[in-house]
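Below are the chains, spelled out letter by letter.
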Amino acid sequence: MESSFHSSSSTKEDIVIYGKPGKLFVLSLLFVLFGVLLMVIGQSEEADAFILVAVGIVSILVFGLCMLYFLMRLIKPRPALVIDREGLTDHSSYVNGGRIRWEEIEDIVLYSYMNQHMIGIQLKDAEGYVSSQKGLKRLLIRMNKNMASADVSIIKQSVSENLEKVYLILLKHWKQSQGNAVKEGS
């Protein structure tokens, strides 16, 4: 995958950031294998067998879906993030934010959860955003929201660029859009 910021042909202001699906595919595969291991151990133990098997099944299902998603991204690459004048398009994971306009954003922060560094995007209408999603993605977004402190999270491993650099670019564009909104409203 390419690992630098690219200017799109549509406008000179578009910033395109690619992901690292290969690394995330391998990580997902490891968690699937860990789930299989838990199931095997659960078959031989009697005391906590049910819990081990249940955790193994959940691990296989969740990370198996992630593994399939990253395999598709390896076969058919697309940008993880596209930043433009009107907002950003997040395709950094299956539980991605999709298209988010600058005026929909309440705040953008850097944070860590379980030693994972992330960019968090707080939305003005988080419930409306979640309600607009479909099926499994809606469920995963709700689960993610319960674990993370942001409505939309972009993890360090999902972008090819330095996370702090991506954060500063997002923050700059978002703040510029707020300045433009004030000027247009005057």
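Let me begin by describing the structure that accompanies this report.

## Comments concerning the environment of Gly 87
Step number 1: Along the polypeptide, Gly 87 turns up in strand β4 (residues 87–90).
Step number 2: When neighbours within four sequence positions are excluded, Gly 87 is seen to be in contact with Val 82, Arg 99, Ile 100, Arg 101 and Trp 102.

## Quick notes on helix α1 (residues 21–44)
Step number 1: Helix length check: α1 (24 residues) gives 35 Å between terminal C-alpha atoms against 34 Å at 1.5 Å per residue, within 8%.
Step number 2: Buried residues of α1: Pro 21, Leu 24, Ser 28, Val 32, Gly 35, Leu 38 and Gly 42, and no others.
Step number 3: Close packing links the buried residues of α1 with α2 (49–75).

## Thoughts on the side chain of Thr 89
Step number 1: Within the element layout of this structure, Thr 89 appears in strand β4.
Step number 2: One polar contact links Thr 89 to Arg 99, side chain to side chain, over a distance of 3.2 Å.
Step number 3: Ignoring any residue separated from it by four or fewer positions in sequence, one finds Thr 89 in contact with Ala 80, Leu 81, Val 82, Gly 98 and Arg 99.

## Concerning the pattern of salt bridges
Step number 1: Going through the model one piece at a time under the given rule, you end up with three salt bridges.
Step number 2: In this structure, Asp 84 engages Arg 99 in a salt bridge whose closest nitrogen and oxygen atoms are separated by 3.0 Å. Of the two residues, Asp 84 sits in strand β3 (residues 81–84) while Arg 99 sits in strand β5 (residues 98–101), which places them 15 residues apart along the sequence.
Step number 3: For Asp 84, a relative accessible area of 14% gives the class buried.

## What about the pairing of β4?
Step number 1: Here β4 shows two buried faces, one formed by Gly 87 and Thr 89 and the other by Leu 88 and Asp 90.
Step number 2: Hairpin connection from β3 to β4: two residues lie between these consecutive antiparallel strands.
Step number 3: Examined bridge by bridge, β4 and β5 share four bridges and lie antiparallel to one another. Considered in β5, the bridge of Asp 90 is made with Gly 98.

## Comments concerning the nonpolar core
Step number 1: Among the nonpolar cores identified, the biggest contains 26 residues, and Leu 88, Ile 105, Ile 108, Ile 119 and Leu 170 are the most heavily contacted of them.
Step number 2: Listed by contribution, the elements that provide at least two residues to this core are β2 (15–17), β3, β6 (105–113), β7 (116–123), α3 (126–131), β8 (152–155) and α5 (163–185).
Step number 3: The contacts of Ile 105, once residues within four sequence positions are left out, are Leu 88, Ile 100, Ile 121, Gln 122, Leu 123, Lys 124 and Trp 174.

## Quick look at the packing of α1 against α2
Step number 1: α2 packs onto α1 with a crossing angle of 160° between their chain directions and a minimal axis gap of 7 Å. Taken together, α1 and α2 sit at an angle that is classed as roughly antiparallel. Crossing handedness for the pair α1 and α2: left-handed.
Step number 2: Across the contact of α1 with α2, the residue classes tally to 22 nonpolar, eight polar and one charged.

Reading guide: rules and limits
Residues numbered from 1 in each chain as written. Predicted model: local features only at pLDDT ≥ 70, side-chain atom pairs only at ≥ 80, totals over all residues. Heavy atoms only, no water. Helix = DSSP H or I, 4+ residues; strand = E, 2+ residues; numbered from the N terminus. Contact = heavy atoms within 4.5 Å. Expected span 1.5 Å × (residues − 1). Buried < 20%, exposed > 50% of the residue type's maximum accessible area, 1.4 Å probe, protein only. Polar contact = N/O pair within 3.5 Å; in protein donor to acceptor, adjacent residues only side chain to side chain. Salt bridge = Lys/Arg side-chain N within 4 Å of Asp/Glu carboxyl O. Pairing = 2+ DSSP bridges. Core = buried A, V, L, I, M, F, W, Y, C linked by side-chain atoms within 4.5 Å. Axes fitted to C-alpha atoms, helices over the stretch in contact; angles between N-to-C directions. Parallel < 35°, antiparallel > 145°, perpendicular 65-115°, else oblique. Left-handed = near helix turned anticlockwise from the far one by under 90°. Nonpolar A, V, L, I, M, F, W, Y, C, P; charged D, E, K, R; others polar.

Scope: geometric values only; no functional claims are made or implied.
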